[in-house]
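# Descriptive structure summary
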Amino acid sequence: MIQLQTPLSIPFLFLPLLKLMAESLLFSSAESLLGKLASDAFQEASLAFGVHRDLQQMKETMELIRGVLLDAEKKNPQSSALSEWLIQIKHVFSDAEDIVDDFECEALRKHVVNTYGSCSRKVRRFFSSSNPVVYRLRMAHHIQDINTRLAKLAYQRNMFGLQVIDQDTRVVHVREMTHSHVTPSNVIGREHDKQEIIKLLLKDDHGQSLSVISIVGMGGLGKTTLAKLVFNDPIIHACFPLRMWICVSNDFELRNVLIKILNSAPNPNRENFNNFETEQLQIHLRNTLEGQKSLLVLDDVWNEDRARWDELREIIDVGVEGSKILVTTRSHKVAAIMHTKSSNSYLLGCLSEKDSLSLFVKYAFEDGDEMKHPQLLKIGEEIVKKCGGLPLAVKTVGSSLFSRVDEKEWESVRDNEIWNLKENEKDILPALKLSYDKLPSYLKPCFASFSLCPEDTVIFGTGVRMLWGALGLLPPPKAGESMIDATQLLHELWSRSFLSEYEDHGGECRFKLHDLVIELAVYIAKGKFEIIKNHNPKSYKNAHHLTFAANNLLDQTLLPRSLRSITFPRGANNEVFLNTLVSRCKFLRVLNLDFSEYASLPRCIGKLKHLRSLSLLENENLTELPDSICKLQNLQSLILNGCIKLQKLPKGLANLVSLRCLCITTIEPGCPEKEIASLPSLELLGFYQCDNFESLFKGILLHTLKRLTLIDCKSLKTVPFHAIKNLEVLMIFNCNKLESSMGLSNEILDSRLKLLILSDLASLVTLPRWLQGSANSLQSLVIQHCINIYELPDWLPTLNCLKQLEVLYCPKVLSLPDNIHHVTNLKVIDVTGSSELWKRYRPEVGEDWHKISHVNLVWQDYQSENEKELTVKS
Ligand SMILES: *[C@@H]1O[C@H](CO)[C@@H](O)[C@H](O)[C@H]1NC(C)=O
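First, a word on scope: everything that follows refers to the structure included in this document. (Residues numbered from 1 in each chain as written. Predicted model: local features only at pLDDT ≥ 70, side-chain atom pairs only at ≥ 80, totals over all residues. Heavy atoms only, no water.)

### A closer look at empty space enclosed by the protein
Applying the stated criterion to the full structure yields ten cavities of 30 Å³ or more. Looking at the second largest cavity, its volume works out to about 80 Å³. In this structure, the second largest cavity is lined by Phe 721, Ile 724, Lys 725, Leu 727, Leu 730, Ile 748, Ser 751, Arg 752, Leu 753 and Trp 770. When its residues are assigned to classes, the lining of the second largest cavity shows seven nonpolar, one polar and two charged. (1 Å grid on protein atoms, 1.4 Å probe; cavity = no way out; pocket = protein on both sides within 12 Å on 5 of 7 lines; lining within 4 Å. Points joined across faces, edges and corners; volume = space filled by probe spheres on them. Nonpolar A, V, L, I, M, F, W, Y, C, P; charged D, E, K, R; others polar.)

Okay, here's the thing in structure tokens:
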């Protein structure tokens, strides 16, 4: 949701930029299209279909246009002719994209039939398409139409005096991953603020039971960061035995807030609060809060409804003297509603110029390098002045100049006219926008897709990777390279400070997006990615991506035909709408029906040949699926976990030749192993609540599988991990029959496992021996809520790549292996919830602290259980 402090300033600030922004994704579209047209596979296919010459012509004309696009994007299109021209290009590109995509589908279909069909008539029939002659004619006609339009536009380009710039010079210099980049110790210029807030929190309230302190200030000032600094301070730990942290954001629904708070408090009985009634939640929370002094942080509050706040407050206030609530908010009104005394409000100011500069230097230069570039430093000072003391602005602009040494480039940032648009001195957008502009073109569409992300949620790399893959946003690999790795792109975005709280676990990463970053993405993506909150047909006429925020689907006759992705609201059950969508939007690539209530899907879904991703997460009303789903030869991910009523899986799974990710819940007694083993591209596999599985992967091999998730498989006893030698990520949750050996007696040689999470495994008493085979690969090991595990084996220190060890809520583990100091790569040991370990190794005071003093020992309590669980459910 767009919520700036001064809403009135939005149209004023945004208007001059609007057109420029809308077109700034064009160059990357051109790049991506040309990359495809030039690929060998494509050339071959176009020859086979007899349209080679036409497509060649398309490529050549498009190259002419691409040549001037960078310059056109740079120009402030004051001239309406130029912006009109760009809009035309956008439309042609969009149509060309559809054609190219169609072609790819057809070529893949041919390939499938040729490879698998020769031996089986059934396969041939299964994949039969329309008459090939008709298809060829139709395509040729479309291509010619596009060529005519392109030729006209190419001719017109001469009218605008545009320069040919062929190379995107915004190459990326990726910063090395350093933890200092994200840790609170990296915060500059907030020590005084921190002490002031601590003072407020420790102030004697003369018998008052619950008081509220607020940190107020505009977006990008670092309120959350500051609150975290305070929250983690030892003085606060000593003073408040119970500390809880929740992100409130726009959702002030009492029930949801209560669940969040409970999830962030210790939960020894592992209750699932989502199933509780509001009444039960209240009682539970009051019991938790009683008898101990607590600190509750409510981060990012927007609620201005006093009644709602009073209702919550009444529940939280259990009469413990000295308990506090710390609120962060952009709004003075919110702060005023939440407490009666204005002296409890802390107005967070901007960073001083000196501190801003230190921060900038930290982000823009390699350590100490600023000394070598006094000239740049001088320009930097002037840039910093324009950032108005907002840490987020300083960081992103600094990052975007990281390791760039061309003075001209620095000057162009300093002199950029975007700064002048800052009529309202409080708005952060110019700095972020400037940094966005400096992204290389292939990162721009990826960034724009963040507009679909909800605020204040943890986002997982795998999910983003699947989305980018499905939407075709990943840049084509350069000659000689294999696939582009989305993780690398995320890393680039992180190194430019667009991602916050980024954590890399090896094989999986997670991060958050600052509200203002999402706002920028929403803004960039306007017209293309749309979140529908109300029915305004104009706003989505040309949209490619629609997300519904609430359960009010629009009139189906308004669905844009060119739709590429759609996300349904929770609880959606309008069948007419779904039928229309499936028959009308032929280019659909992503169909997200998570948490909806359909009992089945239309059969004609098998005709959506462009569909890459079909997600039906937690559809508890779904009883059947049409087998025609297995005709979707482009389908890359099929998500069926939590479909507990589904009677059987669709027939013919083995035909999903592009499938990379499969997650299922089934009541069937066995896993369709043969079918799964024959999927040639499968990388991610998840079984959820498959209660009748006793063993997996008997007599099959899964060479391509990189990630396996097993959750709530109550009968599962054996998993021969030998069968999945190339596995990189393994996560096992709540499989109570799975014993420590997991049915294997010996180690797996040369395993590639990087990340292992073992959670809620009651039969686990020690670590499985086979893990020893991961000595040269395992980077992160997480063992949590395993109540019977009583030791970490002596061989643990042979895992010499281990960087991160988490032993969370394992009460019987009393010590770490004696030779733990042999793991020289180890950076962090988190023992949250394992109090014996904390006592024993606690920095400075624990009796065995000296054994691990080279490692950062963590004991967190604010991190909500919820977030941890999301690691798996993503
Ligand atoms: C889906 O199931 C829930 C719970 O069983 C039920 O309340 C709801 O009415 C169902 N929805 C539809 C559309 O049938």
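Read on, since the account is not over.
### Considering the sheet that holds strand 6 (residues 459–460)
Strand order across the open sheet formed by three strands is 6-8-7, with antiparallel pairing between neighbours. Single-partner strands in this sheet number two, and they are strand 6 and strand 7 (500–504). Note: strand 7 against strand 8 (residues 509–512), three bridges, orientation antiparallel. Counterpart to Glu 503 in the pairing with strand 8 is Arg 510. (Pairing = 2+ DSSP bridges. Helix = DSSP H or I, 4+ residues; strand = E, 2+ residues; numbered from the N terminus.)

### Some words on the packing of aromatic side chains
Applying the stated criterion to the full structure yields 18 aromatic pairs. Both rings, one in Phe 231 and one in Trp 245, keep their centres 5.4 Å apart while their planes meet at 85°; by these two values the pair is edge-to-face. Of this pair, Phe 231 sits in helix 10 (residues 223–231) while Trp 245 sits in strand 2 (residues 242–249), and the two are 14 residues apart along the sequence. On the basis of relative accessible area, Phe 231 is assigned to the buried category, the value being 1%. Owing to a relative accessible area of 7%, Trp 245 belongs among the buried residues under this scheme. Considering the side-chain rings of Phe 568 and Phe 577, the 5.6 Å spacing of their centres and the 70° angle between planes classify their relative orientation as edge-to-face. You can call Phe 577 buried: its relative accessible area is 0%. Through a chain of ring-to-ring contacts, the aromatic side chains of Tyr 436, Phe 447, Phe 450, Trp 468, Trp 494, Phe 498, Tyr 502 and Phe 511 assemble into a single cluster. A cation over a ring is seen here: Lys 228 above Trp 245, with NZ or CZ 5.2 Å from the ring centre. Here Arg 570 stacks its cationic end above the ring of Phe 595, 4.1 Å away from the centre of that ring. (Phe/Tyr/Trp six-rings, centres within 6.5 Å; stacked < 30°, edge-to-face > 60°. Buried < 20%, exposed > 50% of the residue type's maximum accessible area, 1.4 Å probe, protein only. Lys NZ or Arg CZ within 6 Å of the ring centre and 35° of its normal.)

### Details of the sheet that holds strand 1 (residues 210–216)
If you trace the five strands from one edge of the open sheet to the other, you get 2-3-4-1-5, paired in parallel fashion. The two strands at the open ends of the sheet, each matched to only one other strand, are strand 2 and strand 5 (345–347). Between one strand axis and the next, the sheet turns through 15° on average, direction left out of account. Note: strand 3 (residues 294–301) against strand 4 (residues 323–329), four bridges, orientation parallel. Paired with Leu 295 across the strands is Lys 324, a residue of strand 4. (Axes fitted to C-alpha atoms, helices over the stretch in contact; angles between N-to-C directions.)

### Here's the deal with the environment of Val 782
Along the chain, Val 782 falls in strand 20 (residues 780–784). Look at Val 782 and you get buried, because its relative accessible area is 8%. Along the chain, Val 782 and Ile 829 lie 47 residues apart, while their C-alpha atoms are 9.8 Å from each other. With near-sequence residues (within four places) excluded, Val 782 lies in contact with Leu 756, Ile 757, Leu 758, Glu 806 and Leu 808. (Contact = heavy atoms within 4.5 Å.)

### Here's the deal with the packing of helix 12 (residues 254–264) against helix 14 (residues 306–316)
Packing of helix 12 against helix 14 leaves a shortest axis separation of 11 Å and a crossing angle of 35°. As for how helix 12 packs across helix 14, the hand of that crossing is right-handed. In this structure, helix 12 contributes Leu 254, Val 257, Leu 258 and Ile 261 to the contact, and helix 14 contributes Glu 311, Leu 312, Ile 315 and Ile 316. (Left-handed = near helix turned anticlockwise from the far one by under 90°.)

### Digging into the nonpolar core
Residues Ile 566, Phe 568, Leu 614, Phe 687, Phe 697, Leu 708 and Phe 721 are the most contacted members of the largest nonpolar core, which totals 106 residues. Element by element, the count of residues in this core is highest for helix 25 (residues 575–584), at four residues. Leave out the neighbours within four places in its chain, and Phe 697 touches Glu 673, Leu 685, Phe 687, Leu 702, Leu 708, Val 719, Pro 720, Ala 723 and Ile 724. Formed by 47 residues, the second largest nonpolar core is a distinct cluster that contains Leu 201, Phe 365, Ala 393 and Ile 418. (Core = buried A, V, L, I, M, F, W, Y, C linked by side-chain atoms within 4.5 Å.)

### Quick look at the pattern of salt bridges
Taken as a whole, this structure holds 32 salt bridges when the rule is applied. Among the salt bridges present, the one from Arg 66 reaches Glu 31, with a minimum N-O distance of 2.7 Å. Note that Arg 66 is positioned in helix 5 (residues 52–74) and Glu 31 in helix 3 (residues 26–38), a separation of 35 residues in sequence. A relative accessible area of 17% places Arg 66 in the buried class. With a relative accessible area of 29%, Glu 31 lands in the partly exposed category. (Salt bridge = Lys/Arg side-chain N within 4 Å of Asp/Glu carboxyl O.)

### What to know about the pairing of strand 1
Burial within strand 1 is extensive, with seven of its seven residues counted as buried. Of the two faces of strand 1, the one lined by Leu 210, Val 212, Ser 214 and Val 216 and the one lined by Ser 211, Ile 213 and Ile 215 are each fully buried. Where strand 1 lies against strand 4, seven bridges are found, and the strand directions are parallel. Bridge pairing in strand 4 places Ile 213 opposite Leu 326. In this sheet, strand 5 lies alongside strand 1 in parallel orientation, the contact comprising three bridges. Within strand 5, the residue paired with Ile 215 across the bridge is Tyr 346.

### Some points on the site of the ligand
Near the ligand the following residues occur: Asn 573, Glu 597 and Asn 621. Between the ligand and Glu 597, the relevant distance is 2.9 Å, taken from a nitrogen atom to a side-chain nitrogen or oxygen of the residue. Contact distances for the ligand include 2.4 Å between an oxygen atom and a side-chain N or O atom of Asn 621. Summarising the interface, the protein chains cover 35% of the accessible area of the ligand, which totals 360 Å² for the free molecule. (Near = heavy atom within 4 Å. Polar contact = N/O pair within 3.5 Å; in protein donor to acceptor, adjacent residues only side chain to side chain. Areas by Shrake-Rupley, 256 points an atom, 1.4 Å probe, with all protein chains shown as cover.)

### Quick look at helix 5
The end-to-end C-alpha separation of helix 5 is 34 Å, in line with the 33 Å expected for 23 residues at 1.5 Å each. A maximum bend of about 35° is found in helix 5 at Val 68. (Expected span 1.5 Å × (residues − 1). Bend = angle between axes of the 7 residues up to and from the residue.)

### Details of the packing of helix 9 (residues 191–202) against helix 10
Working note: a packed helix pair is described by the angle between its axes plus the distance between those axes. In contact at an axis separation of 10 Å, helix 9 and helix 10 are set at 60° when each is read in the N-to-C sense. Comparing the axis directions of helix 9 and helix 10 gives the class oblique. Two packed elements cross with a definite hand, and for helix 9 against helix 10 that hand is right-handed. Between helix 9 and helix 10, the contacting residues are Asp 193, Lys 194, Ile 197, Ile 198 and Leu 201 on the first element and Leu 226, Leu 229 and Val 230 on the second. Residue classes in the contact of helix 9 with helix 10 are distributed as six nonpolar, no polar and two charged. (Parallel < 35°, antiparallel > 145°, perpendicular 65-115°, else oblique.)

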